Amino acid sequence: MVDNRSSRRGFLQGTVALTALLAGGCSSSKEQPKTAFEDSVATFFQDNYQVMTKDEIKEVLARVERRVKREYGVDIKCENTPPVADVAFGYALNLSKCKGTRRCVEACVSENNCGRNHSLENIRVLAMPHGTMDLNKSDHYYDHEQVPNSNDWYLPIQCHQCDEPACVQACPVEATWKEKDGIVVIDYDWCIGCRYCSVACPYWARHFNWSKPNLQPDEINPKTHYLGNRPREAGVMEKCTFCIQKTRKGELPACQEACPTGARVFGNLLDPQSEIRYILENKNVFRLKEEQGTQPNFWYFYDV
Amino acid sequence: MSKEKNSTKNHNKVEFILASLIHCFKGGWLYWGWMLSLIAIVVYGAMAYGQQARYGLSVTGLSDQITWGLYIGNFTFFVGVAAAAVILVIPAYLLHRNQMRRVTILGESLAVAAVIVAMLFVTADLGQPLRFWHALPLLGKLNFPTSILAWDIVVLALYLLVNLIILWYLLYNKFCHKSPVVKRYFPVIVVAIILGLSIHTVTAFMLSGNPSRPFWHTAILAPRFIASAFAAGAALMIILFQILHITSKFRLSKGLIREIALIMVFAQFFSLFLLGAEIYTAFYHNTAHDVSAHLLFTSNIGHDNLTLSIYLAIAAGLSAFSILMVRRFRENVSLLNIASILIFFAVWSEKGLGLVIPGFVPTPLGEMAQYTPSTIEIKVAIAIWAVGAIIFTLLAKVAIAIEFGGLRLKRPVENTDTEI
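As the structure is a prediction and not an experimental result, all values here were calculated from the model.

So, about the overall build of chain B. Scanning chain B from terminus to terminus reveals 15 helices and 0 strands. In summary, chain B has a C-alpha radius of gyration of 22 Å against a globular reference of 22 Å for 420 residues, a match within 12%. Along the three orthogonal principal directions, the C-alpha set of chain B runs to about 75 × 55 × 45 Å. Put simply, chain B has 420 residues, and 55% of those count as buried. Taking contacts inside chain B between residues at least 6 apart in sequence as the whole, the part at least 24 apart equals 79%. Carbon and sulfur atoms make up 70% of the accessible area of chain B, which amounts to about 18400 Å² in all. Taken as two groups, the 30 positive and 18 negative side-chain charges of chain B have centres that lie 12 Å from each other.

Okay, the pattern of salt bridges next. Residues and elements named next belong to chain A. Under the counting rule described, the total for this entry stands at 27 salt bridges over all chains. Among the salt bridges present, the one from Asp-75 reaches Lys-69, with a minimum N-O distance of 3.4 Å. Assessed through its relative accessible area of 57%, Asp-75 is described here as exposed. Measuring nitrogen to oxygen at the nearest pair gives 2.8 Å for the salt bridge that ties Arg-248 to Glu-179. Residue Arg-248 is located in the loop between helix H7 (244-247) and helix H8 (254-258), and its partner Glu-179 is located in the loop between strand E5 (176-178) and strand E6 (184-186); the two are separated by 69 residues in the primary sequence. Taken individually, Arg-248 and Glu-179 each receive the classification buried, so the pair is uniform in this respect. A cluster of three or more residues bridged by salt bridges with shared partners is formed by Asp-39, Arg-66 and Arg-70.

This next bit is on the packing of helix H6 (residues 104-125) of chain B against helix H7 (residues 148-175) of chain B. Residues and elements named next belong to chain B. Running from N to C, H6 and H7 cross one another at 150°; their axes reach a closest spacing of 9 Å. In terms of orientation, H6 lies roughly antiparallel with respect to H7. Crossing of H6 over H7 shows left-handed handedness. On H7, the residues that touch Thr-104, Ile-105, Glu-108, Ser-109, Ala-111, Val-112, Val-115, Ile-116 and Met-119 of H6 are Leu-156, Ala-157, Tyr-159, Leu-160, Asn-163, Leu-164, Ile-166, Leu-167, Leu-170 and Leu-171. Its residues placed into classes, the contact of H6 with H7 shows 15 nonpolar, 3 polar and 1 charged.

Another aspect to go through is the packing of aromatic side chains. This model, assessed by the stated rule, comprises 41 aromatic pairs over all chains. Aromatic pair Tyr-49 of chain A and Trp-177 of chain A: ring centres 6.1 Å apart, planes at 10°, arrangement stacked. Linking Tyr-49 of chain A in the loop between helix H2 (36-44) and helix H3 (54-72) with Trp-177 of chain A in strand E5, this pair joins segments that are 128 residues apart in sequence. When sorted by exposure, Tyr-49 of chain A lands in the same class as Trp-177 of chain A, which is buried. The interplanar angle of 55° and the centroid separation of 5.2 Å between the aromatic rings of Tyr-142 of chain A and Tyr-154 of chain A together place this pair among those described as tilted. In this pair, Tyr-142 of chain A sits in the loop between strand E3 (124-129) and strand E4 (152-157) while Tyr-154 of chain A sits in strand E4, placing the two residues 12 residues apart along the sequence. Among the aromatic side chains, those forming a connected cluster through ring pairs are Phe-89, Tyr-91, Phe-242, Phe-266, Phe-286, Phe-298, Tyr-300 and Tyr-302 of chain A. Note that Arg-232 of chain A overlies the ring of Tyr-188 of chain A, its terminal NZ or CZ placed 5.7 Å from the centroid. Over the aromatic face of Tyr-31 of chain B sits the side chain of Lys-397 of chain B, whose NZ or CZ is 4.3 Å from the ring centroid.

The biggest cluster of nonpolar side chains holds 160 residues, and the ones touching the most others in it are Trp-68, Leu-207 and Phe-241 of chain B. If you tally residues by element for this core, the top one is helix H9 (residues 221-247) of chain B, at 15 residues. Discounting chain neighbours no more than four positions away, the residues touching Trp-68 of chain B are Cys-194, Arg-195, Tyr-196 and Val-199 of chain A together with Leu-62, Asp-125, Met-206, Leu-207, Val-356, Ile-357 and Phe-360 of chain B. Judged by nonpolar contacts, the second largest core, of 55 residues, contains Leu-93, Cys-104, Leu-126 and Phe-298 of chain A.

How each quantity is defined
- Residues numbered from 1 in each chain as written.
- Chains lettered and ligands numbered in written order.
- Predicted model: local features only at pLDDT ≥ 70, side-chain atom pairs only at ≥ 80, totals over all residues.
- Heavy atoms only, no water.
- Helix = DSSP H or I, 4+ residues; strand = E, 2+ residues; numbered from the N terminus.
- Rg over C-alpha atoms; globule rule 2.2 N^0.38 Å.
- Buried < 20%, exposed > 50% of the residue type's maximum accessible area, 1.4 Å probe, protein only.
- Contact = heavy atoms within 4.5 Å.
- Areas by Shrake-Rupley, 256 points an atom, 1.4 Å probe, with all protein chains shown as cover.
- Lys, Arg positive; Asp, Glu negative; His and termini not counted.
- Charge placed at Lys NZ, Arg CZ, Asp CG, Glu CD.
- Salt bridge = Lys/Arg side-chain N within 4 Å of Asp/Glu carboxyl O.
- Axes fitted to C-alpha atoms, helices over the stretch in contact; angles between N-to-C directions.
- Parallel < 35°, antiparallel > 145°, perpendicular 65-115°, else oblique.
- Left-handed = near helix turned anticlockwise from the far one by under 90°.
- Nonpolar A, V, L, I, M, F, W, Y, C, P; charged D, E, K, R; others polar.
- Phe/Tyr/Trp six-rings, centres within 6.5 Å; stacked < 30°, edge-to-face > 60°.
- Lys NZ or Arg CZ within 6 Å of the ring centre and 35° of its normal.
- Core = buried A, V, L, I, M, F, W, Y, C linked by side-chain atoms within 4.5 Å.

Listed below in structure tokens is the structure:
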């Protein structure tokens, strides 16, 4: 296996060097700035994130920053903060408190550099008529003059970061996987855009970039993570990553920060003192579509 | 083995390839008209694909709600055609019908063309088609055996390879004035038959293995796929053989047609029976599991076109079956042709579009959605069909010239051994 890998890497690097040589004469020395073409060739031959060496990752992160600078004129910082030991993230949502303001959706879009041209939102808030749990009766596009509307209750849904993720199982090229802290991530540079993961997901949590995301330079959040909110290209999937760029540094996800009613509780499932553990141990919690067997890490509960 | 012998063999192979290529350029006005129109269609479709490559899949009618459509629908259909093309040669060996054996080569050609068409449809559906190498062994990171899509990639590639090997063996030997040795290629045919069943089963599993999509999540999807593939594959062969009978040196016997028509009757019966079983299960109760089927058959979310086409497909399938059931009708060439065309249309519509699209509605979050393929999508799809037609025409032209037309190596080979 080791031999295979190293010979493959050698082959890929050789090809990169050769292509760069053909493209730019002998101009690919390290001091000179890389051209857009050299960068896209290098991205094309780039390995899967899970098997990259530290040096390769460093180069890849610099390449992401250069690309955003070139395309949007914005200086971003692209990091790859690793999972923190003894942390497994989980989320609990208080349905008694959610009033359907959709502030979480807005905050998510701007924190995560989601394209503004199509409704690419990684959180959906469903307006549900009272007296039913049937999702087929939900309204995804409610436009109530005032929330909460007296006829509805509200059900926000995003990626449940399952322990047995159907999406990871479906991906034909291992472009998506579950990290040690429980977050299911995508290597946007490895995804081939077949959308089989979104077919498999029971929570409709995966979204496709049907075209290049429409982002204005002043809308870009410059604090990014390679597996999280860095600006995406056309033709790849994306999803909620529990704001990996924030939460791995001890901050809260944008959706919880934005929630005006305090309905959202994010935390470390392995910390007995955490609020989420209190909720799981003291409230009647339930999980959506538990019968699908994907072991989600997202719970819902009521106050009473 | 001596060097001399080796070089003669290589020389023969070069001559085989050259003679085949040259033969592709020999044809009357009908042949050239046909080929040039196909090429024109391909160029036209390639331009449409250029738009898609440039602006992304947003130029299609697809969405996050209905994420697969015309492309994947055609993919599932053509995997079926590819599978059937080879499986239909089973009777040739199991029943020792000499009639069927002569058409093996045409079946193989159809399989090769159909697999390539299926692969092109998947590629057209990719957001990042240039990254296809991520799925290659050693270079990429194929998620095998976990991902069913990875299985599909593996079995389709193997199936294409095996059929090309069989075609090469049969044609090259004939070309070199040797008769192919059944003992040698029969095991490979068995492998091809197993792979034929595999490609369609795996494609069915790719859909049925999603508990989040109850419309597909049914154990009879794979048998249903196989049954309808046999029916559609047989129908296509009946039509193609008759066309080749008129336009080439290929000669069709009545016995052969009868044989294939009989397979078509049985396949169509099972196909309709399984569809009926699905409809019963979906409609006897009104569970959340059955909503997609209810929407499809009752059209209450503006699936209008789809609902119309599923009813037309069922009507066409039933009328074709009624024709085929009666021996006198089945043996009447024009009625048989009508039945074949009806079945081909019915299966394409029912398995291609009528199965893939309704599976997405409602979405796992209960959203209703609609899908109409865009003009660009339709152009690309037609162009891929045309590519398939070109490949089949060329393969069949060379195959018929060698099998029936006496296209042979100029110098006769001294009969040393039959090995190649």
